[in-house]
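# Chain and residue survey
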Amino acid sequence: MKNILVLMHDDMGQEARFQAALDLARALDGHLTCIDVAVTPVSVPDYATLGGSALLLGDEQENEAENRARMEARLKVEGVAYDWIQTTGYLSPSVREAAGLADLIVLNRGIKDAYPDMDEVASEVLLKSGRPIVAVPHESRGFDAFGHALVAWDGSAEAQAALRAAVPLLQHASRVTIVECEDGSVKTPAEEAAAYLSRHDIKAIVWRARADMDIPSTILLDQIEKQDVAYMVMGGFGHSRFVEAVLGGVTRRMLHECPVPLFLAH
């Protein structure tokens, strides 16, 4: 996990993404690729005929050029290897296009009713890029790679993918706890996940919750608070986003409410 892609755009989540990406690059001895996207404006027909869209795009490109100058000046004194991609387009497709050789993508989770909708961007990139992502709260200022890692486990293909992808990160954690909600449906028990990690020299403990204690997302949020968790590893969107939106889902709720960074794989 050496190639870390981070979205750079002058919005309320940029500082959270930037600080987390720096911490991850240092912890993993990695290389940072910064993709700075000047967002194409949504066209309004009457305004577009007067050249308004072009004016808006020009302003956006100028703003992001200034953003690059500010952020690169900071990067040059951070001691982290990096390169920079400057592009124009929409956030999610631009990130996905740049993700071909990325091992990990750093994004942030959104603010209610704010633009851009970073929860939507994180969901799109997770589902369509084929890469794990780290989604940090917009107000966070770093990523504690050496703290306590919580792994959400239900034995699914998504949970297995997240566990495998997170190994290089989990090797730095001071503690690893695997949380399983026992409802009779888990075909691959958490002990097998712990055994897998042990072969990578990661010692993990299993904490099993009864299904009647609460719904899985509430159990996870409670454990994050009680166990002083630095970040959480989980599979993302075991069900379709439509099903999660209609019926509710762990991924969607964690994207909205989780107080710590999420390492997600699909």
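I will try to describe carefully the structure that is included in this document. (Residues numbered from 1 in each chain as written. Predicted model: local features only at pLDDT ≥ 70, side-chain atom pairs only at ≥ 80, totals over all residues. Heavy atoms only, no water.)

What follows covers the packing of helix α4 (residues 91–98) against helix α5 (residues 118–129). Packing of α4 against α5 brings their axes to within 9 Å, and their N-to-C directions diverge by 35°. The interaxial crossing formed by α4 with α5 has right-handed handedness. Contact residues: Leu91, Ser92, Val95 and Arg96 in α4; Met118, Val121, Glu124, Val125, Lys128 and Ser129 in α5. Class assignment of the residues belonging to the contact of α4 with α5 gives a composition of 5 nonpolar, 2 polar and 3 charged. (Axes fitted to C-alpha atoms, helices over the stretch in contact; angles between N-to-C directions. Helix = DSSP H or I, 4+ residues; strand = E, 2+ residues; numbered from the N terminus. Left-handed = near helix turned anticlockwise from the far one by under 90°. Contact = heavy atoms within 4.5 Å. Nonpolar A, V, L, I, M, F, W, Y, C, P; charged D, E, K, R; others polar.)

Now for the side chain of Ser92. The topology assignment puts Ser92 in helix α4. Within polar-contact distance, the side chain of Ser92 engages the side chain of Arg96 at 2.8 Å. (Polar contact = N/O pair within 3.5 Å; in protein donor to acceptor, adjacent residues only side chain to side chain.)

Each aromatic ring pair is summarised here by two numbers: the centre-to-centre distance and the angle between the ring planes. Counting across every chain of the model gives 1 aromatic pair. Ring centres 4.9 Å apart and planes at 35° place the aromatic pair Phe143 and Tyr231 in the tilted group. With Phe143 in the loop between β5 (133–136) and β6 (148–153) and Tyr231 in strand β9 (residues 231–235), this residue pair connects regions lying 88 residues apart in the sequence. The pair Phe143 / Tyr231 is uniform in exposure class, with both members buried. (Phe/Tyr/Trp six-rings, centres within 6.5 Å; stacked < 30°, edge-to-face > 60°. Buried < 20%, exposed > 50% of the residue type's maximum accessible area, 1.4 Å probe, protein only.)

Of the residues making up helix α7 (residues 190–198), those classed as buried are Ala190, Ala193, Ala194 and Leu197. Relative to the axis of α7, the buried residues are bounded by an arc of 100° and lie together on one face. Lining the buried residues of α7 we find β6, α6 (157–170), β7 (175–182) and β8 (204–210). (Arc of directions from axis to C-beta.)

Time to look at the sheet that holds β6. One open sheet holds the 10 strands; their spatial order is β3-β2-β1-β4-β5-β10-β9-β6-β7-β8, and the pairing between them is mixed. Two strands lie at the open edges of the sheet, namely β3 (82–89) and β8, each paired on one side alone. Here the average twist between neighbouring strands, direction ignored, is 25°. Where strand β4 (residues 104–108) meets β5, 4 bridges bridge the pair, whose relative direction is parallel. Across the sheet, the residue bridging to Asn108 is Val136, located in β5. Its contacts with the sheet place α5 against β1 (3–8), β4, β5 and β10 (262–265), and it is angled at close to 165° to β4. (Pairing = 2+ DSSP bridges.)

In this section: the pattern of salt bridges. One side chain can pair with another of opposite charge once the charged atoms of both are near each other. Enumeration according to the criterion identifies 10 salt bridges in this entry. Taking the shortest distance from any N to any O, the salt bridge between Arg74 and Glu15 comes out at 2.8 Å. Placement of the pair is Arg74 in helix α3 (residues 52–75) and Glu15 in helix α1 (residues 14–28), with a sequence separation of 59 residues. Residue Glu15 is classed as partly exposed on the basis of its relative accessible area, which comes to 22%. Through salt bridges that share partners, Asp23, Arg26 and Glu78 make up one connected network. (Salt bridge = Lys/Arg side-chain N within 4 Å of Asp/Glu carboxyl O.)

Even without being glycine, Asp29 reaches a positive phi, approximately 50°. Residue position: Asp29 is located in the loop between α1 and β2 (31–39). The phi dihedral of Asp228 falls on the positive side, at around 55°, and the residue is not glycine. Within the fold, Asp228 resides in the loop between α8 (216–226) and β9.

In this section: the pairing of β9. For β9, the tally of buried residues reaches 5 of 5 residues, placing the bulk of the element in the interior. Side chains of β9 alternate between two faces, with Tyr231, Val233 and Gly235 and Met232 and Met234 buried alike. As defined by bridge partners, β6 adjoins β9 across 3 bridges and the pair is classed as parallel. What sits directly across from Leu150, in β9, is Met232.

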